[in-house]
Amino acid sequence: MKKTDKMQPNQMDSRGSWKNFGAFLRHAKLSWVWIIISLVVTMVYYVTVSRLPGSTAELFTGKLTADALVNAILAYVTMFVAQAIVSVFSLIAEAKSVRSSRRAVWKRMMGIQNKYYDEKNAGTMLSAVTSDTEQTVTSLLNLIILIPGLITYLISSLTEINGYSPKLLFAVVVLIPVYILYSFLMGRWQYKVGRKIQMRIGGLTGFLTERIRNLTLIKSFVTEKKEEEKGTVASSELYKANVESAKMNAVVVAYTMGAEVIGIIIAVIWGSILLKNGEIELTDWLAFFLFVPTINTVLRQLTSVWSNLKDVQGRASRLGELMEAPQENMNETAPMVIPQGAIELSDVGFAYQEGTSILEHVSFTIPAGKTTAIIGPSGSGKTTVLRLIENLYTPKS
């Protein structure tokens, strides 16, 4: 039998596989009720946050009126309550979605045709049910819940700033190209790193699972040193991927900190010019200045949606491929009746791979109630015949 060459992690195509990503979304069971509740509360939270600079700016200018103080206190209390509710509901949505998605992945794995596991190392698929599903679903939910809230905040805050002076919007608009460039540069890199980490985790998990299960056998053959060296190699591959991830995160931090500093400098200079020219009041300038750091963060998060989506896509790619693997034709409602009588093969042909025949024109009968031995040299197809009889594979003819 011709063995299939397995593709190594470093051979994987770094291009985004939207097909596999879509396959994962179709089969994953997300808890949409809790997600929608979390989404609504998140939007309420961000609307409240957008009102804080206006509520506190008057206090900073020394206008300690009762109304200003009450408005500021109510805004902060509402913000903290909404934030607590968002955290609780988001955790519930995440836990339920991860559990349901794991069940969906496991069910699909149980129904995959046997030939799929001839081409793939089943041991590396353990992480698909454990860490891969959890990390993918968690990252995906963060995007689904966060994006509408960020858009809500941006619209609400820009409306507030426009009320102070439309000219203040200039300081916000000039930052958009900076973050769009960030999104463009980081997207493909994040996909590549996310995919690589998931593949390396799968490889290490499969390696450890197989060795732990056979520890007694390893000790019997005194191969501890050899297996230790293999484990070191597998761990090193994951370490290299994590180092690349750390480098990427360092670039992200440096870029975003630089962009935020630029945003604050522009806001201070532009706001001061407008204040000096008498186009805005001191209260307006202070409120605008309080807006800038949060707007910086929101713009960064919004323009990084694409790169974050590519990261989720990289994590979901392997799961999507698994979800789309060919399934057995299982009829769960059919009665469990074991056929009686002789077993007959008539002119059977079979190939594991297209163009490479393992069996051709095989015919024989195994009489009922008799003991029959199938003999032959290694590689002649004895195991394949038994798998066909057990209906683990479908004959080609």
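Bear in mind the structure is a predicted one, so any value in this text is a computation, not a measurement. (Residues numbered from 1 in each chain as written. Predicted model: local features only at pLDDT ≥ 70, side-chain atom pairs only at ≥ 80, totals over all residues. Heavy atoms only, no water.)

Draft legend 1. Representation of the overall build of the protein within the structure. Assigned secondary structure in the protein consists of twelve helices and two strands. Starting at the N terminus and ending at the C terminus, the protein contains elements arranged as α-α-α-α-α-α-α-α-α-α-α-β-β-α. In the protein, which comprises 397 residues, the share counted as buried stands at 39%. For the protein, the share of sequence-separated contacts (at least 6 apart) that also reach a separation of at least 24 residues comes to 82%. With an accessible surface of roughly 22800 Å², the protein has 62% of that area assigned to carbon and sulfur atoms. (Helix = DSSP H or I, 4+ residues; strand = E, 2+ residues; numbered from the N terminus. Buried < 20%, exposed > 50% of the residue type's maximum accessible area, 1.4 Å probe, protein only. Contact = heavy atoms within 4.5 Å. Areas by Shrake-Rupley, 256 points an atom, 1.4 Å probe, with all protein chains shown as cover.)

Draft legend 2. Structural detail: unusual backbone geometry. The backbone phi angle of Asp347 is positive, close to 55°, even though this residue is not glycine. At His361, a residue that is not glycine, the phi angle is positive and equals roughly 50°. With respect to the helices and strands, His361 occurs in strand β2 (residues 359–366). What makes His361 exposed here is its relative accessible area of 64%.

Draft legend 3. Just the side chain of Ser97, in detail. On the secondary structure map, Ser97 appears in helix α3 (residues 66–111). A polar contact is formed between the side chain of Ser97 and the backbone nitrogen of Ser31, at a distance of 2.8 Å. Setting aside anything within four residues of it in sequence, one finds Ser97 in contact with Lys29, Leu30, Ser31, Ile35, Val137 and Leu141. (Polar contact = N/O pair within 3.5 Å; in protein donor to acceptor, adjacent residues only side chain to side chain.)

Draft legend 4. Fine view of the pattern of salt bridges. By the definition in use, this model includes four salt bridges. When the shortest N-O distance is used, the salt bridge between Glu324 and Arg26 registers 3.2 Å. With Glu324 in the loop between α11 (305–323) and β1 (343–350) and Arg26 in helix α1 (residues 18–27), the pair connects residues that are 298 residues apart, well separated along the chain. You can call Arg26 exposed: its relative accessible area is 53%. (Salt bridge = Lys/Arg side-chain N within 4 Å of Asp/Glu carboxyl O.)

Draft legend 5. The environment of Val81, seen in detail. Relative to the helices and strands, Val81 is located in helix α3. A C-alpha to C-alpha distance of 8.6 Å links Val81 and Tyr45, two positions 36 residues apart in sequence.

Draft legend 6. Local environment of the nonpolar core. In terms of nonpolar packing, the biggest core is built from 34 residues, with Tyr45, Tyr153, Leu168, Phe288, Ile295 and Leu299 touching the most fellow members. Among the secondary structure elements, those contributing two or more residues to this core are α2 (32–60), α3, α5 (126–164), α6 (169–173), α9 (224–276) and α10 (282–303). Per element, the largest residue contribution to this core is ten residues, and it comes from α10. For Leu168, the residues in contact, after removing those within four places along its chain, are Ile161, Trp270, Gly271, Leu274, Ile280 and Phe288. With 26 residues, the next largest nonpolar core counts Leu30, Ile35, Met109 and Tyr116 among its residues. (Core = buried A, V, L, I, M, F, W, Y, C linked by side-chain atoms within 4.5 Å.)

Draft legend 7. Molecular detail of the packing of α2 against α10. Following both chains from N to C, one finds α2 and α10 inclined at 135°, their axes separated by 8 Å at the closest point. Between α2 and α10, the angle is such that the two are oblique. When the axes of α2 and α10 are compared, the crossing they make is right-handed. Judged by residue contacts, Ser50, Pro53, Gly54, Thr56, Ala57, Glu58 and Phe60 of α2 engage Thr283, Leu286, Ala287, Leu290 and Phe291 from α10. (Axes fitted to C-alpha atoms, helices over the stretch in contact; angles between N-to-C directions. Parallel < 35°, antiparallel > 145°, perpendicular 65-115°, else oblique. Left-handed = near helix turned anticlockwise from the far one by under 90°.)

Draft legend 8. Expanded view of the confidence of the model for the protein. The predicted model of the protein has a mean per-residue pLDDT of 78, with 87% of residues at 70 or higher. Summarising per-element confidence for the protein, the mean pLDDT is lowest in helix α7 (residues 176–213) (72) and highest in α5 (85). In this model residues 1–16 is a low-confidence stretch, pLDDT under 50, and it forms 28 contacts with partners more than four residues away in sequence or in other chains. (pLDDT = per-residue confidence, 0-100.)

Draft legend 9. Focus on the packing of aromatic side chains. In this structure the tally under the stated criterion is six aromatic pairs. When the ring of Trp34 is compared with that of Phe89, the centres are 5.5 Å apart and the planes differ by 70°; the resulting orientation is edge-to-face. Remark: Phe89 occurs in helix α3 and Trp34 occurs in helix α2; sequence separation between them is 55 residues. Chaining the aromatic ring pairs together yields one cluster made of Tyr45, Tyr46 and Tyr153. (Phe/Tyr/Trp six-rings, centres within 6.5 Å; stacked < 30°, edge-to-face > 60°.)

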